[in-house]
There are 2 protein chains.
Amino acid sequence: MSSIRKPGLSVNRQRLIYLPLGGAGEIGMNAYVYGYGEPNKERFILVDLGITFPDMDSTPGVNLILPDLAWLEERADRLEAIFISHAHEDHVGALPLLWEDLRAPVYARPFVAEIARRKFEEYSVAQEGLRTTEIWPHQIEAGPFTVSFIPLSHSVPESSSLSIQTPAGHVIHTGDFKLDSSPVVGDAFDEQLWQQVSADGVQALVCDSTNVFVTRSGRSEGKLSPAIEELIQSSKGVVVATTFASNIARLKTLADAGTRAGRSICLLGRAMRRMIEAAKETGILSNFPTVISPSEAALIPRENLMLLVTGSQGEPRAVSAQLSVGRYKNIDLVAGDLFLFSSKTIPGNEKAVLKIINNLSRKGVAVIDDSSDRFHVSGHANQPDLERIHTIVDPKIVIPMHGERRHLEQHVTMCREGGREAIVAANGMMIDLTNEVPKVAETVPSGRMYFDGDVLIPARDGVVRDRIRMALNGLVAVSVVQTKSSKPVFRCSVVIRGLWQGENGFVMKVALETELNKSIGRLSGQVLHDDEELEEAIRRCVRKETVNLIGKRPEVSVIITRIA
Amino acid sequence: MSSIRKPGLSVNRQRLIYLPLGGAGEIGMNAYVYGYGEPNKERFILVDLGITFPDMDSTPGVNLILPDLAWLEERADRLEAIFISHAHEDHVGALPLLWEDLRAPVYARPFVAEIARRKFEEYSVAQEGLRTTEIWPHQIEAGPFTVSFIPLSHSVPESSSLSIQTPAGHVIHTGDFKLDSSPVVGDAFDEQLWQQVSADGVQALVCDSTNVFVTRSGRSEGKLSPAIEELIQSSKGVVVATTFASNIARLKTLADAGTRAGRSICLLGRAMRRMIEAAKETGILSNFPTVISPSEAALIPRENLMLLVTGSQGEPRAVSAQLSVGRYKNIDLVAGDLFLFSSKTIPGNEKAVLKIINNLSRKGVAVIDDSSDRFHVSGHANQPDLERIHTIVDPKIVIPMHGERRHLEQHVTMCREGGREAIVAANGMMIDLTNEVPKVAETVPSGRMYFDGDVLIPARDGVVRDRIRMALNGLVAVSVVQTKSSKPVFRCSVVIRGLWQGENGFVMKVALETELNKSIGRLSGQVLHDDEELEEAIRRCVRKETVNLIGKRPEVSVIITRIA
């Protein structure tokens, strides 16, 4: 029995919703939808459109992982605009790959827009949607939304929070941030500005959760310089430092310290050169030291050289990995050189980074990693900083984002312990923010897409699962040829991939073919005439025999050819 | 021109050598050879025979990784004995798989021998070589070697160093160790004993390097109890703790603390039950609390239950992972329960462990990991402890082992800074220890074997590399059937694995077959008649077309069948 509803009430049935389609319950591929309007007629904006990087465990061979936006794509006519909070891959990397399915204007600050522009170019996608915008108090109207970029510090310049005004109240989406009063490059945290922005009351703060488990206050980028300079001064050989290419402030800190220590600076790695280039072009980096080319670098005394290189996460093709095993552009490292990881290793990359450290150690290069905590600071707000921003903004509701499930849960716990309303919203959970208490309104399909070769595949298609099975089990491909139709004669030939092939005269291939040709002779006419049954019989026979011979159950692919 | 040698000198040409075939330059698959005698006529002993665990990055589908002992197997007639220092997998795990190729007597202390016995049984290998032995001053004669087990603490009971007396001097092989005066179970560090053993001078100390980068002194296992008990007391729900199954002392600390907090103890996971069983059988664990069965556990109040479970490294089939996603033997975890990782995450396992933590968080279970450093201590000697053992033993030479390259290098640096002779010896480097200064005598082949299914494959065979290629690139198998010989007619059929299959009516398989059948018509008669050339032409065509269609270069397997 449905309850009686007075017609007048329907006027107020507009709702404000928040819907993460990526980035909530994971660190990566951020994509957050906000909607306002009558249910199923809301107008939308999208904040960020990022990627996640694949790994061998779960996504071998995949280039990039993207959020599956099928839900939003079906409603693309209701999408007013896309806003990009900052220039990190997990916030902007999917834009060129998914924009054509959304076709809404994309707003970003100049440096962020320049990075996005280069991405569109790289994928040969028209960049007609891209709009460069100013910060608060400048406002962008997007349907029922009025949006402003609020500058905030992070580990890449021009990071911003978004102030999202709606008829149902004011939402602040922090983006990735830290509270840094001396960020070296980019905008310092301006408490007064934040008080101003929040002055009229904030309905919901959608907030970065990355460092919620770190109980000390965050440290400023500006504090790193003395330790780094001291370290560089102490070295008599080449000094190499690696960090994220997008961490322009860190690159400046490193380069300035190197210059003061009497060293020429050489940038190695395409990503790093391009980032510095974009930062200079957009005017956010004006006083970076002059850099020398790799061929100039090879000519100057080792104690006068400092290299800034890509590959802080152990990426095998980046410069750090290359330098650890041999020359890179005529530069090689030797005993007495110093290698600094001015970076934190992202979980999952430990083995790759340790491989580089071991290879450098073999060369006698001294390696300084992040364990001392003196040469790197995080770009995310720690627990006390999160509490501070909650207090300044004083929202009715906090919604943790940008975190794995454990981060989101901890962030909610922290809020509730402080007497503040909060809710865990994971990818696909549509949260109704209209009232005092947030509620899960619906759960919509969400997931991942793989950019593989140059096609986009939904993760659920099983293509990559099939690869993993081949990697774990090996594969036997069988060709079955029926040479006569009256009294059928069959010939089976196999090819074996990723399995032991035999030794001392024993040949797996011959053993399998012999067994197959024998067992096919025992099959009934009905099985022999039915492709599906024949295939299944062949598969069973190969598996049984392979388990028997080497204890593995391989993948089996069967190709049946019947001649007239 | 060869130098003139006086015949008399050859009498003294006996040498003492150390040759790691596993464990030096890596943490895992320990296998250390010592030899004494004339060059190429030395008699040998082998210390430890362990495994390494595979991973998806480099060894998908492999069960276990073992040292390649081909060099030693060719000289097995000169092998006098095998000594197992302790019961960890990386020291004893390869014994049942490689023993039949070595067939030397295996010496181990009672608990270690019991673990080895169970391993032989598991692989149905005769355990005729196994000899249970006593500790120092008991001596084992093995050709020119006189060997004693010197008790020392580690994270598994009955860990031992080996005192190896030779005509060329005394070698001490530490095995894995820490200096613990209250190890809860097993032998405390006995400085007096060590002074006694080292009293007559030690030529070489071959020394654990695992924790050489940790600059504080190691902490005792005995100190953990109060923090653990306090934590358990604080919980109102089920308390679950996980650690390595072989860490009997930790299991006892945890179980005792649970019992004192009024909880019944339940062991979950085969490895854990078996380890406790072996420890009780061999008398090294006499006062472990009574444990209850899983069905009993399901019946008692949550606040009176403590589970000790396997899977501290995130192993997907172990109990921790199972409990994090659902029930395990009728026990499930709910909000208010507590899960303690009384363990350190081994590099490479971070993602798997975090997955469990995220799943537990989703259930509302409070998770305590190793970040606080209050609920776990390492089983390895830290830098100050290494210095202490160097001082006590006062060897002429230190040879670091049980470490990645960076650990070995750092350990050597530490020795040299203290004025002590040391040398980096990686797997395959035969070190001559006869004189004051150690020298690399030869480099012998070393490497890895994969236990895959139930066969042993040398890593260099490329079987696993082939699997990785399929995982990265996908695979197209092509059957080419030549149906007539006079004027040959060909039919190509393909099967596609791990690649996009098409959508909206476009079918990859059909597109590839069409292209193949078309291009085969353009091949010259010479190519068509030569299997190798035909195969290569087909492979090229498939790759070109697949790059064209989806931007991937797949693996291609071709099976040619020619009908008379």
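First things first, this report covers the structure right here in the doc. Since the structure is predicted, the reported quantities are computational estimates derived from the model, not experimental observations.

## A short note on the environment of Arg467 of chain B
Okay, step 1: Relative to the elements of secondary structure, Arg467 of chain B occurs in helix 14 (residues 463-473).
Okay, step 2: Take Arg467 of chain B: its relative accessible area is 0%, and that puts it in the buried class.

## Points about the layout of surface pockets
Residue and element names in this part refer to chain A.
Okay, step 1: Put simply, the second largest pocket is a space of about 310 Å³.
Okay, step 2: The wall of the second largest pocket is formed by 16 residues, among which Leu97, Leu98, Asp101, Met449 and Leu456 lie closest to the centre.
Okay, step 3: Mapped onto the lining of the second largest pocket, the elements with two or more residues apiece are helix 1 (70-73), helix 3 (95-98) and strand 24 (448-452).
Okay, step 4: Counting residues per element, the lining of the second largest pocket draws most heavily on helix 3, at three residues.
Okay, step 5: Classifying every residue of the lining of the second largest pocket gives eleven nonpolar, no polar and five charged.

## Examining the pattern of salt bridges
All names here are of chain B.
Okay, step 1: Applying the stated criterion across every chain, the model contains 84 salt bridges over all chains.
Okay, step 2: As a salt-bridge pair, Arg250 and Glu221 come within 2.6 Å of each other at their nearest N and O atoms. Of the two residues, Arg250 is situated in helix 7 (residues 248-260) and Glu221 in the loop between strand 13 (204-208) and helix 6 (225-233); the sequence distance between them amounts to 29 residues.
Okay, step 3: Judged by relative accessible area, Arg250 falls into the buried class, the value being 0%.
Okay, step 4: Owing to a relative accessible area of 6%, Glu221 belongs among the buried residues under this scheme.
Okay, step 5: We note a salt bridge from Lys396 to Glu436, for which the minimum N-O separation is 3.8 Å. Placement of the pair is Lys396 in the loop between helix 12 (383-393) and strand 20 (397-401) and Glu436 in the loop between strand 23 (429-432) and strand 24 (439-443), with a sequence separation of 40 residues.
Okay, step 6: A relative accessible area of 42% means that Lys396 is categorised as partly exposed.
Okay, step 7: A residue is classified by how much of its surface remains accessible, and Glu436, at 53% relative accessible area, is exposed.

## Considering the sheet that holds strand 3 (residues 31-37) of chain A
All names here are of chain A.
Okay, step 1: An order of 8-7-6-4-3-1-22-23 is seen for the eight strands of this open sheet, with the pairing classed as mixed. For this open sheet the edge positions go to strand 8 (130-132) and strand 23 (439-443), each flanked by a neighbour on one side alone. Averaged over all pairs of adjacent strands, the angle between their axes in this sheet comes to 25°, without regard to strand direction.
Okay, step 2: Where strand 22 (residues 429-432) lies against strand 23, four bridges are found, and the strand directions are antiparallel. Bridged to Ile431 within strand 23 is Val440.
Okay, step 3: Contacting strand 7 (106-108) and strand 8, helix 4 (residues 110-122) crosses the sheet at an angle of about 160° to strand 8.

## Here we look at unusual backbone geometry
Okay, step 1: In this chain, Trp136 of chain A is followed by Pro137 of chain A through a cis amide linkage whose omega measures 15°.
Okay, step 2: Secondary-structure assignment places Pro137 of chain A in the loop between strand 8 and strand 9 (140-142).
Okay, step 3: The backbone phi angle of Asn40 of chain B is positive, close to 65°, even though this residue is not glycine.
Okay, step 4: Relative to the elements of secondary structure, Asn40 of chain B occurs in the loop between strand 3 (31-37) and strand 4 (43-47).
Okay, step 5: Take Asn40 of chain B: its relative accessible area is 55%, and that puts it in the exposed class.

## A short note on the pairing of strand 24 of chain A
Residues and elements named next belong to chain A.
Okay, step 1: A large share of strand 24 lies buried, amounting to four of its five residues.
Okay, step 2: Here strand 5 (residues 64-67) pairs with strand 24 via four bridges, running antiparallel. Bridge pairing in strand 24 places Ile65 opposite Tyr450.
Okay, step 3: In terms of strand pairing, strand 24 meets strand 25 (residues 455-458) through four bridges, oriented antiparallel. Bridging across to strand 25, Tyr450 finds its partner in Ile457.
Okay, step 4: Between strand 24 and the antiparallel strand that follows it, strand 25, lie two residues; Gly453 among them carries a positive phi value of about 65°.

## Points about helix 8 (residues 270-281) of chain A
All names here are of chain A.
Okay, step 1: With twelve residues, helix 8 should reach 16 Å at 1.5 Å per residue; the first-to-last C-alpha distance of 16 Å fits that figure.
Okay, step 2: Every buried residue of helix 8 is accounted for by Met272, Met275, Ile276, Ala278 and Ala279. The arc enclosing the buried residues of helix 8, seen along the axis, measures out at 160°, which places them on a common side. Away from the buried face of helix 8 by more than 90 degrees, exposed residues Arg270 and Glu281 are located.
Okay, step 3: Along its buried surface, helix 8 packs onto helix 4, helix 7 (248-260), strand 15 (264-268) and strand 16 (305-309).
Okay, step 4: Of the residues trailing helix 8, Gly283 is marked for its positive phi of about 80°.

## Notes on the relation of the copies chain A and chain B
Taken together, a rotation about one axis and a shift along it account for how the two chain copies relate.
Okay, step 1: Rotating chain A by 180° and moving it 0.0 Å along the rotation axis overlays it on chain B with an RMSD of 0.1 Å. Read as a symmetry element, the transformation amounts to a two-fold axis.

## Topic: the packing of helix 5 (residues 191-198) of chain B against helix 12 of chain B
All names here are of chain B.
Okay, step 1: Orientation of helix 5 relative to helix 12, taken along the N-to-C sense of each, is 45°, at an axis distance of 8 Å. As far as their axial angle goes, helix 12 and helix 5 are oblique. Where helix 5 approaches helix 12, its residues Glu191, Trp194, Gln195 and Ser198 are matched on the opposing element by Arg388, Ile389, Ile392 and Val393.
Okay, step 2: The class makeup of the residues in the contact of helix 5 with helix 12 is four nonpolar, two polar and two charged.

## Here's the deal with the packing of helix 15 (residues 508-520) of chain B against helix 17 (residues 531-550) of chain B
All names here are of chain B.
Okay, step 1: In the contact formed by helix 15 and helix 17, the axes pass within 10 Å of each other and the chain directions differ by 135°. With respect to helix 17, the axis of helix 15 lies oblique. Judged by the sense of rotation from one axis to the other, the crossing of helix 15 with helix 17 is right-handed. Of the residues in helix 17, those in contact with Met508, Ala511, Leu512, Glu515, Leu516, Ser519 and Ile520 of helix 15 are Leu534, Ile538, Cys541, Val542, Glu545, Thr546, Leu549 and Ile550.
Okay, step 2: Counted by class, the contact of helix 15 with helix 17 contains eleven nonpolar, two polar and two charged residues.

## A few points about the interface of chain A and chain B
Okay, step 1: At the interface, 56 residues of chain A touch 56 residues of chain B.
Okay, step 2: Contact between chain A and chain B buries roughly 5300 Å² in total, counting both sides, with carbon and sulfur atoms accounting for 59%.
Okay, step 3: Looking at the side of chain A facing chain B, the largest losses of area belong to Met56, Arg497 and Ile559 of chain A, adding up to 13% of the total buried there.
Okay, step 4: Our count for the chain A to chain B interface comes out at 29 residue pairs in polar contact (both at pLDDT 80 or more).
Okay, step 5: Those elements that place two or more of their residues in the side of chain A that touches chain B are helix 11 (350-362), helix 13 (405-417), strand 25, helix 14 (463-473), strand 26 (475-484), strand 27 (489-497), helix 17 (531-550) and strand 28 (555-562) of chain A.

## Re the packing of aromatic side chains
Okay, step 1: In this structure the tally under the stated criterion is 20 aromatic pairs over all chains.
Okay, step 2: Seen in terms of ring centroids, Tyr18 of chain A and Tyr34 of chain A are 5.4 Å apart; in terms of plane orientation they differ by 50°. Their pairing is tilted. Taken together, the residues span a long stretch of sequence, with Tyr18 of chain A in strand 1 (residues 15-22) and Tyr34 of chain A in strand 3 at a distance of 16 residues. When sorted by exposure, Tyr18 of chain A lands in the same class as Tyr34 of chain A, which is buried.
Okay, step 3: Arranged with centres 6.3 Å apart and planes meeting at 90°, the rings of Trp99 of chain B and Phe120 of chain B form a pair that is edge-to-face. With a gap of 21 residues between them, Trp99 of chain B in the loop between helix 3 (95-98) and strand 7 (106-108) and Phe120 of chain B in helix 4 (residues 110-122) connect regions that are remote in the sequence. Residues Trp99 of chain B and Phe120 of chain B agree in their burial class; the two are buried.
Okay, step 4: Clustering of aromatic rings is evident, with ring pairs tying together Tyr18, Tyr32 and Tyr34 of chain A.

The rules behind the values
- Residues numbered from 1 in each chain as written.
- Chains lettered and ligands numbered in written order.
- Predicted model: local features only at pLDDT ≥ 70, side-chain atom pairs only at ≥ 80, totals over all residues.
- Heavy atoms only, no water.
- Helix = DSSP H or I, 4+ residues; strand = E, 2+ residues; numbered from the N terminus.
- Buried < 20%, exposed > 50% of the residue type's maximum accessible area, 1.4 Å probe, protein only.
- 1 Å grid on protein atoms, 1.4 Å probe; cavity = no way out; pocket = protein on both sides within 12 Å on 5 of 7 lines; lining within 4 Å.
- Points joined across faces, edges and corners; volume = space filled by probe spheres on them.
- Nonpolar A, V, L, I, M, F, W, Y, C, P; charged D, E, K, R; others polar.
- Salt bridge = Lys/Arg side-chain N within 4 Å of Asp/Glu carboxyl O.
- Pairing = 2+ DSSP bridges.
- Axes fitted to C-alpha atoms, helices over the stretch in contact; angles between N-to-C directions.
- Contact = heavy atoms within 4.5 Å.
- Expected span 1.5 Å × (residues − 1).
- Arc of directions from axis to C-beta.
- Least-squares fit on C-alpha atoms with pLDDT ≥ 70 in both.
- Parallel < 35°, antiparallel > 145°, perpendicular 65-115°, else oblique.
- Left-handed = near helix turned anticlockwise from the far one by under 90°.
- Buried area = accessible area lost by both parts, 1.4 Å probe.
- Polar contact = N/O pair within 3.5 Å; in protein donor to acceptor, adjacent residues only side chain to side chain.
- Phe/Tyr/Trp six-rings, centres within 6.5 Å; stacked < 30°, edge-to-face > 60°.

Worth remembering: the numbers are spatial, not functional.
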